[in-house]
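# Structural features, examined
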Amino acid sequence: GNKNENLDLDPIYEIRRYHLKLGYDTVPQFLTLYAQGLPSKLHAVGTDPTTTLITLLYSEVGQLNEVIEVWRHGSMDAMERSRVAARGAQEWRTSIAAIADLANVFTNTIHKPLSFSPLR
């Protein structure tokens, strides 16, 4: 079996929303900065093996200049281990510092999938 199967019994989904400043180039700037920093975050020493980036989304209709990240973590503890590890990833820290200048509002919510969810 998977060596992490005991760590992955109560998964959570973390939904991070960045509401960016108005402008035609704000989302492309965000995506460039994110892409530059992401590899260091994903490979940071101490990142929990159950942490996975599910998707990164943005919309060109409706709520504009919003980027949404969806992460899956095996547990709340796994999420915290991965957060601590990401803080040590210098390229990620540099990207997030620049992204912070583009954002008006940032929200982060934690969701638990239902027992019958296909995303469990």
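Scroll up a little and you will see the structure.
These notes cover the structure that comes with them. (Residues numbered from 1 in each chain as written. Predicted model: local features only at pLDDT ≥ 70, side-chain atom pairs only at ≥ 80, totals over all residues. Heavy atoms only, no water.)

Moving on, we come to the overall build of the chain. Helix and strand counts for the chain come out as 3 helices and 4 strands. The linear arrangement of helices and strands in the chain, starting from the amino end, is β-α-β-β-α-α-β. Counting only C-alpha atoms and orienting by the principal axes, one finds that the chain spans roughly 50 × 35 × 20 Å. For the chain, the residues scored as buried account for 37% of the 120 residues in total. The contacts in the chain between residues at least 6 apart in sequence include a share of 79% that link residues at least 24 apart. Total accessible area on the chain is roughly 7,400 Å²; 58% of this is exposed by carbon and sulfur atoms. (Helix = DSSP H or I, 4+ residues; strand = E, 2+ residues; numbered from the N terminus. Buried < 20%, exposed > 50% of the residue type's maximum accessible area, 1.4 Å probe, protein only. Contact = heavy atoms within 4.5 Å. Areas by Shrake-Rupley, 256 points an atom, 1.4 Å probe, with all protein chains shown as cover.)

Right, let's get into the sheet that holds strand β3 (residues 66–73). Spatially, the 4 strands line up as an open sheet ordered β2-β3-β1-β4, and their pairing is antiparallel. The strands lining the two open edges of the sheet, one partner per strand, are β2 (52–58) and β4 (103–111). Strand-to-strand twist in this sheet, taken as the mean axis angle between neighbours without regard to direction, amounts to 15°. Seen against the sheet, helix α3 (residues 90–102) touches β1 (12–20) and β4 and runs at an angle of roughly 115° to β4. (Pairing = 2+ DSSP bridges. Axes fitted to C-alpha atoms, helices over the stretch in contact; angles between N-to-C directions.)

One pass over the structure, following the stated rule, counts 1 cavity of 30 Å³ or more. Its boundaries defined by the atoms lining it, the largest cavity holds a volume of some 40 Å³. Along the walls of the largest cavity sit Lys 41, Leu 42, Thr 47, Thr 51, Trp 71, Ser 82 and Ala 86, which together make up its complete lining. Classifying every residue of the lining of the largest cavity by side-chain character gives 3 nonpolar, 3 polar and 1 charged. (1 Å grid on protein atoms, 1.4 Å probe; cavity = no way out; pocket = protein on both sides within 12 Å on 5 of 7 lines; lining within 4 Å. Points joined across faces, edges and corners; volume = space filled by probe spheres on them. Nonpolar A, V, L, I, M, F, W, Y, C, P; charged D, E, K, R; others polar.)

The phi dihedral of Asn 65 is positive, around 55°, even though this residue is not glycine. Mapped onto the elements of the fold, Asn 65 is located in the loop between β2 and β3.

Across soluble globular proteins, you tend to see nonpolar side chains buried next to one another. Membership of the largest hydrophobic core comes to 17 residues, with the highest contact counts inside it found for Leu 20, Phe 30, Tyr 34 and Ile 99. Contributions of two or more residues to this core are made by β1, α1 (26–42), β3, α2 (76–87) and α3. Among the elements that take part in this core, α1 stands out by supplying 5 residues, more than any other. Those residues in contact with Leu 20 that sit more than four places away from it in its chain are Thr 26, Val 27, Phe 30, Asn 65, Val 67, Leu 102, Ala 103 and Asn 104. (Core = buried A, V, L, I, M, F, W, Y, C linked by side-chain atoms within 4.5 Å.)

This part is about the packing of aromatic side chains. Applying the stated criterion across every chain, the model contains 4 aromatic pairs. Ring centres 4.9 Å apart and planes at 50° place the aromatic pair Tyr 18 and Phe 106 in the tilted group. Residue Tyr 18 is located in strand β1, and its partner Phe 106 is located in strand β4; the two are separated by 88 residues in the primary sequence. Summarising the aromatic geometry, the rings of Tyr 34 and Trp 92 are spaced 5.3 Å apart at their centres and angled 85° between planes, so their arrangement reads as edge-to-face. Here Trp 92 lies in helix α3 and Tyr 34 lies in helix α1, a separation of 58 residues in the sequence. As far as burial versus exposure is concerned, Tyr 34 and Trp 92 are alike and both buried. Taken together, the aromatic side chains of Tyr 18, Phe 30, Tyr 34, Trp 92 and Phe 106 make up a single cluster linked through ring pairs. (Phe/Tyr/Trp six-rings, centres within 6.5 Å; stacked < 30°, edge-to-face > 60°.)

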